[in-house]
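# Report on the structure
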Amino acid sequence: MPTILDIAVQAGSFKTLVQAVQAAGLVETLSGEGPFTVFAPTDEAFAQIPQETLQAMLADKEKLTAILTYHVAPGKLMAADVVRSTQLQTLQGQSITVSTEGGVRVDNANVIQTDIEADNGVIHVIDQVIMPK
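Worth saying up front: this structure is predicted, and the values here are computed from it rather than measured. Each chain has its residues counted from 1, running along the sequence as written. This being a predicted model, a pLDDT of at least 70 is required before a residue's local features are given, and a value of 80 or more before pairs of side-chain atoms are given or counted; all residues contribute to the totals for chains, interfaces and linings. Only hydrogens and water are removed before side-chain values are computed, so all heavy atoms of the structure are retained for them.

Here we take up the overall build of the protein. Broken down by element type, the protein carries seven helices and seven strands. Each helix and strand of the protein, placed in order from N terminus to C terminus, yields the pattern α-α-α-β-α-α-α-β-α-β-β-β-β-β. Dimensions of the protein along its principal axes, counting C-alpha atoms only, are 35 × 30 × 25 Å. Partly exposed residues are those whose accessible area sits between 20% and 50% of the maximum for their type, while under 20% is buried and over 50% is exposed, using a 1.4 Å probe and protein chains only. Burial status across the protein gives 41% buried among its 133 residues. Counting contacts in the protein only where the partners sit at least 6 residues apart, residues at least 24 apart contribute 64% of the total. As presented, the protein carries roughly 6600 Å² of accessible surface, and 51% of it is formed by carbon and sulfur atoms. Secondary structure counts use DSSP, requiring at least four H or I residues in a row for a helix and at least two E residues in a row for a strand, with both numbered from the N terminus. Note on definitions: a residue-residue contact is assigned when non-hydrogen atoms from the two residues lie within 4.5 Å. To measure how exposed things are, a 1.4 Å probe is used in the Shrake-Rupley method; for residues, cover is taken only from the protein chains shown.

Structure representation (structure tokens):
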């Protein structure tokens, strides 16, 4: 079974996410054993960030790492597990807020696809990039 990163590359709709993971030096981590739960923003989600801001993010490895690890929770949490929580601890250290009113949301992002299983975890697709507080 492919890893989380393999799936993101093959999907073709996570090019910016894959570029960011490479820029942050997290390829080995997200290809590693895990398991991880990744809330993966689509290219459209990254496109909502002004180009200048996005380029600055990609150039700042420390900030980029914090943002990306904020999208990752330890363990393999399927959608049924996620909706039973109100907070999920992230690899970045802070928690993301989960709400189920009018669909499932993590912080201010809608979960638009769930339970994409990988060898080292699971991906849930979101429609916005979420930022640590």
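What follows concerns the pattern of salt bridges. Side chains bearing opposite charge may pair, as long as their charged atoms lie close to each other. Any carboxyl oxygen of Asp or Glu that lies within 4 Å of a side-chain nitrogen of Lys or Arg is treated as forming a salt bridge with it. Under the defined criterion, the tally for this structure stands at three salt bridges. Its salt-bridge partner being Lys76, residue Glu117 comes within 2.7 Å of it at the nearest N-O pair. A residue pair is termed long-range when its members are at least 10 positions apart, and Glu117 in strand E6 (residues 109-118) and Lys76 in the loop between strand E2 (72-74) and helix H7 (79-82) qualify at 41 residues. Assessed through its relative accessible area of 40%, Glu117 is described here as partly exposed. Taking the relative accessible area as the measure of exposure, Lys76 reaches 34% and is therefore partly exposed. For Lys133, the salt bridge is made with Asp107, and the minimal N-O distance between the two is 3.4 Å. Residue Lys133 is located in the segment after strand E7 (121-126), and its partner Asp107 is located in the loop between strand E5 (105-106) and E6; the two are separated by 26 residues in the primary sequence.

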